[in-house]
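Remarks on the overall topology
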Amino acid sequence: MIKQGINIYKGISEIATELCNFLAAESDRKNYSVALPGGNTPKAIFELMAQNCKYQVHWDNLQFFWGDERCVGPDHPESNYKMANESLLHPLEIDTSVIHRIKGENDPVFESERYTLELLKHVQNRNGLTSFNLVILGMGDDGHTASIFPGQHNIIESTKLCDHSVHPTSGQNRITLTLETINNSENVFFLVTGKKKASLIAEIIKDKSSRDKYPAAMVRPNDGNLCWLLDTEAAEELKDKVE
Ligand code: 6PG
């Protein structure tokens, strides 16, 4: 059972099982909105979910969105849509009518406006704001999440539902959900694995001042659940924090 706060697992197969169990319980609800992340961690987890829980979850009740997208076409190797489609959605034969990809091939400003309308149309409203049932996030080594990068205050403070950001080193255009939207979600799950992120995870969990530095630490749902799904390597500096 995934609980609020820190959840530590042996590895990605346990994380995949827990995600399936969670979605199996939640997917009795129609139009359950899920925002998917990009990156390598989720890819391996999605593949395991597609293999092991095709019949456990009411997949046809889910609506799929993305937390962020690189401004590339849907067939580009860096596309988050391509990654999720190949590892999860296509193997599960998810109908295209419930797949709401961010069109990275469009002009970024136009697409962030178009995607905003898509969110308003398909995602439920809570407290007067768009509210996902579940946002799944990764965390970069620099503490970014989705495509919200440290120091990019225009994005960090954006009051839009989604916005156009730029990768700080590659200069790649991105479209990202804003913290405003992420923090209005019912459930926010971070999927973080590997030793490389252990010290940053410990800093974010233990040190409140990290909230001024790292976008991942700024994810603090207003009245939703924040759950960290970590493997033992990513959690190795948290021993004193976990009962
Ligand atoms: C992206 C992601 C990004 C990712 C983290 C973690 O588009 O790159 O949305 O936020 O989740 O960088 O990626 P890894 O799991 O590959 O470390």
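To keep things clear, this report deals only with the structure shown in the data block. All values derive from a computational prediction rather than experimental measurement. (Residues numbered from 1 in each chain as written. Predicted model: local features only at pLDDT ≥ 70, side-chain atom pairs only at ≥ 80, totals over all residues. Heavy atoms only, no water.)

1. Considerations on the environment of Asp60
We count it as follows: Only DSSP runs of H or I with at least four residues qualify as helices, and only runs of E with at least two residues qualify as strands; both kinds are numbered from the N terminus onward. Residue burial is assigned from relative accessible area. The probe radius is 1.4 Å, only protein chains are included, and a residue is buried under 20% of its type maximum, exposed over 50%, and partly exposed in between.
Here Asp60 shows up in the loop between helix H2 (40–52) and strand E3 (62–66). By relative accessible area, Asp60 is classed as exposed at 67%. As a C-alpha pair, Asp60 and Tyr32 span 28 residues in sequence and 9.4 Å in three-dimensional space.

2. Quick notes on the side chain of Thr178
Formally: Residue contacts are defined here by distance: any two heavy atoms, one from each residue, within 4.5 Å place the two residues in contact.
Locating Thr178 in the fold gives a position in the loop between strand E9 (173–177) and helix H6 (179–182). The exposure class assigned to Thr178 is buried, which follows from its relative accessible area of 0%. In this structure, Thr178 is in contact with Ile148, Ser158, Lys160, Leu161, Cys162 and Asp163, ignoring residues within four places of it in sequence.

3. Observations regarding the site of the ligand
For the record, the criterion: When at least one non-hydrogen atom of a residue lies within 4 Å of a molecule or strand, that residue is treated as near it. Here a polar contact means two N or O atoms within 3.5 Å. Within protein one must be a hydrogen donor candidate and the other an acceptor candidate, and residues neighboring in sequence count only if both atoms are side-chain atoms. Residue burial considers only the protein chains on display, and all accessible areas are found by Shrake-Rupley using a 1.4 Å probe. Just so you know the grouping, Ala, Val, Leu, Ile, Met, Phe, Trp, Tyr, Cys and Pro go in nonpolar, Asp, Glu, Lys and Arg go in charged, and all remaining residues, Gly too, go in polar.
What surrounds the ligand is a group of 16 residues, the closest being Asn40, Thr41, Asp68, Ala146 and Lys197. A distance of 2.8 Å separates an oxygen atom of the ligand from a polar side-chain atom of Arg70. Look at the ligand: alone it shows 420 Å² of surface, and the protein chains cover 88% of it. The leading source of residues in the shell around the ligand is H2, at 3 residues. A class-by-class count of the residues in the shell around the ligand yields 3 nonpolar, 9 polar and 4 charged.

4. Examining the nonpolar core
Condition: Throughout, nonpolar core names a set of buried Ala, Val, Leu, Ile, Met, Phe, Trp, Tyr and Cys residues whose side chains join them through atoms within 4.5 Å.
Among the nonpolar cores identified, the biggest contains 78 residues, and Met49 and Trp59 are the most heavily contacted of them. Sorting elements by how many residues they give to this core places helix H1 (residues 12–26) first, with 7 residues. Excluding its chain neighbours within four sequence positions, the residues that come into contact with Trp59 are Leu23, Met49, Cys53, Lys54, Phe64, Leu88, Leu92 and Ile94.

5. Side note on the pattern of salt bridges
As a reminder, the rule being used: A pair is scored as a salt bridge if a Lys or Arg side-chain nitrogen falls within 4 Å of a carboxyl oxygen belonging to Asp or Glu.
Scanning all chains against the criterion turns up 14 salt bridges. Beyond isolated ion pairs, a larger network of salt bridges with shared partners links Glu26, Arg29 and Glu186.

6. What to know about the sheet that holds strand E4 (residues 68–70)
The line we're drawing: Between any two strands, at least two bridges found by DSSP are needed for them to pair. In this analysis, axes come from line fits to C-alpha atoms, helices being fitted only over the stretch in contact, and the angle between any two N-to-C directions falls in the range 0 to 180 degrees.
Across the sheet, 3 strands lie side by side as E4-E9-E8; this open sheet has antiparallel pairing. At either end of the open sheet lies a strand with only one pairing partner, and these are E4 and strand E8 (162–166). Here the strands of the sheet are splayed against their neighbours by 20 degrees on average, with no regard to which way each runs. Helix H4 (residues 108–122) contacts E8 and E9 of the sheet and is inclined by roughly 150 degrees relative to E8.

7. What about unusual backbone geometry?
In this structure, Glu93 takes a positive phi of about 55 degrees despite not being glycine. Looking at the element boundaries, Glu93 is found in the loop between helix H3 (80–89) and H4. With a phi angle near 55 degrees, Asn127 is a residue other than glycine that sits in the positive phi range. Here Asn127 shows up in the loop between strand E5 (125–126) and strand E6 (129–130).

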